[in-house]
Structures are given as C-alpha cells and as structure tokens.
Amino acid sequence: MLEPLRQGLPPIDPSAVSGSATCTLPARYEAVGGARRFTRTTLNGWGLAERFDDVALVVSELVTNALRHALPTDSTAPESQDPPVRLHLMRWSSRLVCAVRDPSQESPIASEAPDCAESGRGLFLVESFSDSWGWHPTPGPETENPNAPSAPRGKVVWALFRLSDGV
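Residues numbered from 1 in each chain as written. Predicted model: local features only at pLDDT ≥ 70, side-chain atom pairs only at ≥ 80, totals over all residues. Heavy atoms only, no water.

A. Main features of helix α3 (residues 122-129). Considered for burial, the residues of α3 that qualify are Gly-122, Leu-123 and Val-126. For α3, the buried positions fall inside an angular range of 95° around the axis, keeping them on one side. (Buried < 20%, exposed > 50% of the residue type's maximum accessible area, 1.4 Å probe, protein only. Helix = DSSP H or I, 4+ residues; strand = E, 2+ residues; numbered from the N terminus. Arc of directions from axis to C-beta.)

Shown next as structure tokens:
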C-alpha cells in the first residue's frame, strides 16, 4: 500500500516508524464525524495535536469522496466481507500519511467547481492542505495460481504531510 508514497521522497528508515492506526467506517455520511474524532484521538496520542486542523480537513474530504463516489448506489447489493471504507493514519518521524481505502476502481478526479457550486472542491482542498496526494489500486485477493495477476479490489487515496524534524 505504501510503495507509491515513496516516489520522489527520501527513503523511509524502518526504525523511524512511530505508529499506525486504522479505523473502519460505516457507509453513512455520519462516518465523516467519526473519522474526525478518530483522527483527533490518534494525533493527540502521537503528540501531533497542532496538526489536527489540516489533517482533519483532508481526512474529511477523502472520507466524504469515498462515501459519495466510491460506494455502490444499489442498496440491495450483497454486503462484501470487507468493510466499505477504511481510514489509515501512519506516522514516521518526518511524515504523516492519511489514506482512505474504498471499493471503487475509479480514479479520483480533481476538477474545478464553479464559484456558485456547493461541492466539487474536495481534492483541491486535499492538494492545498497536504504536501502531496495520490492514489493507487489495491491488490486483489491471492488466486490459486500465484503467477496470475490479481484483479484490483478498490483503491487507496492518500495524502502526505511533512512533519518538522523536531517532532
């Protein structure tokens, strides 16, 4: 899941990993508030409370996009074994990553919303408040044939925040 995050950045020293936390979110818009509470608790525990505003805004946008654009609209569709949306927070000594996994294989598209639009600026905000962002497909389940390519089962949209050296 992390390989695309390493592009263009100094290598991550495995000893610098400070923590990770994961939250499973229900397929309801109320999950955005839960994601923000989870983010606050996690950042406070890591001594990064001062980063909450920017990180929470990005988490809110990524979770909202996953709920709005990535979940099936057919409520009669069978439930999969995997939860529909997961929030991952990962911290190293010099960076923090928030990543949202969802079941859609569609790439996120940043577009310009008209000034009068009430939505459509989410990825613009993610780009503005994080140091970088991107996405990649998640690998599918292992098949009986280890040489066969696995089909993607969704995607991960991530945002990276650089932390000061003193953190």
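B. Fine view of the pattern of salt bridges. Applying the stated criterion across every chain, the model contains two salt bridges. Here Glu-30 and Arg-28 are joined by a salt bridge, their closest N and O atoms 3.6 Å apart. Taking the relative accessible area as the measure of exposure, Glu-30 reaches 57% and is therefore exposed. For Arg-28, a relative accessible area of 49% corresponds to the partly exposed category. Taking the shortest distance from any N to any O, the salt bridge between Asp-102 and Lys-155 comes out at 3.0 Å. Here Asp-102, found in strand β3 (residues 95-102), pairs with Lys-155, found in strand β5 (residues 155-162); they are 53 residues apart in sequence, far enough to count as distant. Of the residues examined, Asp-102 reaches a relative accessible area of 5% and is grouped as buried. (Salt bridge = Lys/Arg side-chain N within 4 Å of Asp/Glu carboxyl O.)

C. Structural context of the confidence of the model for the protein. Chain-level statistics for the protein give a pLDDT mean of 78 and a share of 64% at 70 or above. Of all the helices and strands in the protein, α3 carries the lowest mean pLDDT, 87, while helix α1 (residues 31-45) carries the highest, 97. (pLDDT = per-residue confidence, 0-100.)

D. View of α1. Along its 15 residues, α1 runs 21 Å from first to last C-alpha, staying within 8% of the 21 Å computed at 1.5 Å per residue. All of the buried residues along α1 are Ala-31, Val-32, Ala-35, Phe-38, Thr-39, Thr-42 and Leu-43. Burial along α1 is one-sided: seen end-on, the buried residues are contained in an arc of 125°. Residues of α1 that are exposed and point over 90 degrees away from its buried face: Arg-37, Thr-41 and Gly-45. A positive backbone phi angle near 70° is found at Gly-47, which sits one or two residues after α1. (Expected span 1.5 Å × (residues − 1).)

E. Molecular detail of the side chain of Arg-51. As for its placement among the helices and strands, Arg-51 is situated in the loop between α1 and α2 (52-70). One buried charged side chain, Arg-51, makes no salt bridge at all; its nearest oppositely charged neighbour is Asp-131, positioned 4.9 Å away. Sequence-distant contacts of Arg-51, defined by excluding residues within four places in its chain, comprise Leu-43, Phe-161, Arg-162 and Leu-163. (Lys, Arg positive; Asp, Glu negative; His and termini not counted. Contact = heavy atoms within 4.5 Å.)

F. Region of interest: the packing of aromatic side chains. Using the criterion set out here, one finds zero aromatic pairs in the structure. Between the NZ or CZ atom of Arg-40 and the centre of the ring of Phe-52, over which it lies, the distance is 3.8 Å. (Phe/Tyr/Trp six-rings, centres within 6.5 Å; stacked < 30°, edge-to-face > 60°. Lys NZ or Arg CZ within 6 Å of the ring centre and 35° of its normal.)

G. Here's a closer look at the nonpolar core. Counting 31 residues, the largest nonpolar core has Leu-25, Val-59, Leu-62, Val-63, Leu-87 and Cys-98 as the members making the most contacts within it. If you list the elements that add at least two residues to this core, you get β1 (17-25), α1, α2, β2 (85-92), β3, α3 and β5. The element contributing the most residues to this core is α2, with nine residues. In this structure Leu-87 touches Ala-21, Thr-22, Cys-23, Leu-25, Ala-35, Phe-38, Thr-39, Val-59, Ala-99 and Val-100, once residues within four positions along its chain are discounted. Core analysis: the second largest hydrophobic core is formed by seven residues, Trp-92, Val-97, Ala-99 and Leu-160 among them. (Core = buried A, V, L, I, M, F, W, Y, C linked by side-chain atoms within 4.5 Å.)

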